[in-house]
Amino acid sequence: MSNILWKSLVVSPAILGAALLASSTAIAAPSTSQEASSIETSSTTEVSRKPTTLATETKEAQILAQVNRYSNENNTSLNQVTSVSQFSDVQPTDWAFQALQSLVERYGCIAGYPNGTYRGNRALSRYEFAAGLNSCLDRVNELIATATADMVTKQDLATLQRLQEEFSAELATLRGRVDALEGRTAELEANQFSTTTKLKGEAIFAVTDVFGGETGKANRAVFQNRVRLGLETSFTGRDILTTRLAAGNATGFDLRDNANGAIAGSKNSPNPGLNAAGKQTFEVGATSPANSVKIDKLTYEAPIGPARVYLSASGGQHSDYAAVNNPYFFDKTDGGNGALSTFASENPIYRIGGGSGIALNVPFGKAGDSFLKPSSLTLGYLASSANDPSPSNGLFDGNYAALGQLNFNVGNRVALAATYVHGYQKPGTTLFDSGLGGGALVGTAQANTLGVNSATGVASASSSNSYGISAAIKPSNKLSLSGFVSYHDVTGFGANDDKEAWSYGVGLALPDFGKKGNVLGIFGGAQPYSLGATGRETPYQVEGFYKYRVSENVSVTPGVIWMTSPGQNNTSNDAFIGTLRTTFSF
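This one's a predicted model, so the numbers in the text were calculated from it and none came from an experiment. (Residues numbered from 1 in each chain as written. Predicted model: local features only at pLDDT ≥ 70, side-chain atom pairs only at ≥ 80, totals over all residues. Heavy atoms only, no water.)

Novice: Explain the pattern of salt bridges to me, using residue names and the numbers behind them.
Specialist: In the structure shown here, the tally under the stated rule is twelve salt bridges. The partner of Asp-296 in a salt bridge is Arg-244, with the nearest N and O atoms 3.0 Å apart. Linking Asp-296 in strand E6 (residues 294–304) with Arg-244 in strand E5 (residues 240–248), this pair joins segments that are 52 residues apart in sequence. There is no split in this pair, since Asp-296 and Arg-244 are both buried. (Salt bridge = Lys/Arg side-chain N within 4 Å of Asp/Glu carboxyl O. Helix = DSSP H or I, 4+ residues; strand = E, 2+ residues; numbered from the N terminus. Buried < 20%, exposed > 50% of the residue type's maximum accessible area, 1.4 Å probe, protein only.)

Pasting the structure below:
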């Protein structure tokens, strides 16, 4: 053990004052010492599989942390002094003045704080005394080695030997712990990073009801939930493997027209799952049977040079890797701290396809003072049934969606994105389903019905080409504006089955409204719709919510969703969905 390291353990003046007790009249009894009241052990406690070992390690860690805290109080270091007069709080009238002067001038093993104080009236523990004693032992050995042994009297050596024997256990513990810390530090420096796994979770409780016309009469208030638990593992410090479990029991409302008939594609219609107007984010990922657990996401992200690659084995979505440009409304793909509805959360173009595949984000441009900041190109491919080897499935023969997006940052407060998605959909599937296979997540039945001959009703496969533009503007830290427009051109492989669909929306968010962490948001626009032979009305939707941050991990969000012309039908009354959502996250 080097003298330098042990000198770093020289603690408060009380410790070194104890070291001056080379004369028997100056030695304080250990029983009168008091230990420091505040001990931090988290940084020195070693995790062990054996409980007994853990207890021992924790005790030793407390001892070392106490000494470290005592010697680094107020984030100051101890400085060697050459004269006792350098201490502003030591006076010639003090009872230990002569002993201090002797130790400073004869041995030089007294240190003080940078502000010129000694703090000699503080109590010390046996371990603190041992640290000071060890420093003086090192100083004596140094004097002997440099042929100044005549400065060390036989009486001093005898006293030091007696003290060393008395405190041998404490000295051994200190040396052992510091040796262990040195070895551990060297290992950390050599490896820099070790595999780390973090558990992140989110639980949503939601009380919700729908009002208006026959729709209000056909539904009742419900209490629903969704839980997500994610394991995020990093192997290099820059990559992340996400394994997420999910369970939920949420289900959508039954939308009705004025004649009490089920609106096409809603819950109790002949083809449920086609109409997702008013669908809320916590409904995404609901399991069957209710609250059964499943792995709903398994992805890996890592840098490759300046680019970043995204690999999805299951549950991948385009909004996982592509810039959505909808701050305060979008929350980690249908999370519980953004907008209430799936429509207000993100541009519907990101809901086309999903599942397994790969994506790459490549930055371009140089940082500097130019108006156009560094931007990026995003490319991705996701297949919905990549695990199924049967015909019309697999990585390339089943439903898939390929995305290309250019991302631009203009100044420091404007973000723009131009998006293109080419998709393939098998007969009987929906356009905006994120590849989850449970029906549409946004849009009307007319927009989600694909490859159906309008004359005969025969279904066939189809392909889609979708184009979208999104933008986010933040004029100040208290105001955010965002919006999108998307156009979808669907070509059926049969007859009379081509269609076009549109969607657009704009949102205004006031972050930190009323309290830091709160968000007041208003979003309005047109759900994805297609003006075909049936349903000529544009289905508008307006949402308002206020996220109140109760604490770092809990938020409460009341909100209202207003839908006009549900099902693109002018015979339907407007519907209102009221929700009180509570989100617990950790």
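Next comes the rest of the description.
Novice: Describe the side chain of Asn-393, with residues and values.
Specialist: Here Asn-393 lies in the loop between strand E9 (372–383) and helix H11 (394–397). Judged by its relative accessible area of 12%, Asn-393 falls in the buried class. Apart from residues no more than four positions distant in its own chain, Asn-393 is found in contact with Ser-385, Asp-388, Gly-398 and Lys-426. (Contact = heavy atoms within 4.5 Å.)

Novice: Can you explain unusual backbone geometry? Please cite residues and give values.
Specialist: Backbone torsion omega between Ser-288 and Pro-289 reads 0°, so that peptide bond is classified as cis. Not every positive phi belongs to a glycine, and Tyr-328 is a case in point at roughly 75°. In this structure, Tyr-328 sits in the loop between helix H9 (318–321) and helix H10 (342–345). Of note in this structure, Ser-565 is not a glycine but carries a positive phi near 50°. Summarising the element assignment, Ser-565 is placed in the loop between strand E17 (554–563) and strand E18 (575–585).

Novice: Go over the nonpolar core with me, naming the residues and quoting the values.
Specialist: In this structure, Tyr-321, Ile-352 and Met-563 are the most contacted members of the largest nonpolar core, which totals 38 residues. Contributing elements (two or more residues each) for this core: H10, strand E10 (400–410), strand E13 (479–492), strand E14 (499–511), strand E15 (519–529), E17 and E18. Ignoring anything within four residues of it in the chain, the contact list for Ile-352 reads His-318, Ala-401, Val-421, Gln-425, Leu-431, Phe-432, Ser-464, Ser-466 and His-488. (Core = buried A, V, L, I, M, F, W, Y, C linked by side-chain atoms within 4.5 Å.)

Novice: Outline empty space enclosed by the protein, listing residues and values.
Specialist: According to the stated counting rule, one finds three cavities of 30 Å³ or more in the structure shown. Size it by volume and the second largest cavity reaches roughly 50 Å³. Together, Ile-352, Gly-353, Ser-384, Asn-399, Tyr-400, Ala-401, Tyr-424, Gln-425, Thr-430, Leu-431 and Asp-433 line the second largest cavity. Put simply, the parts of the chain that give the lining of the second largest cavity at least two residues each are E10 and strand E11 (414–425). Across the lining of the second largest cavity, the residue classes break down as five nonpolar, five polar and one charged. (1 Å grid on protein atoms, 1.4 Å probe; cavity = no way out; pocket = protein on both sides within 12 Å on 5 of 7 lines; lining within 4 Å. Points joined across faces, edges and corners; volume = space filled by probe spheres on them. Nonpolar A, V, L, I, M, F, W, Y, C, P; charged D, E, K, R; others polar.)

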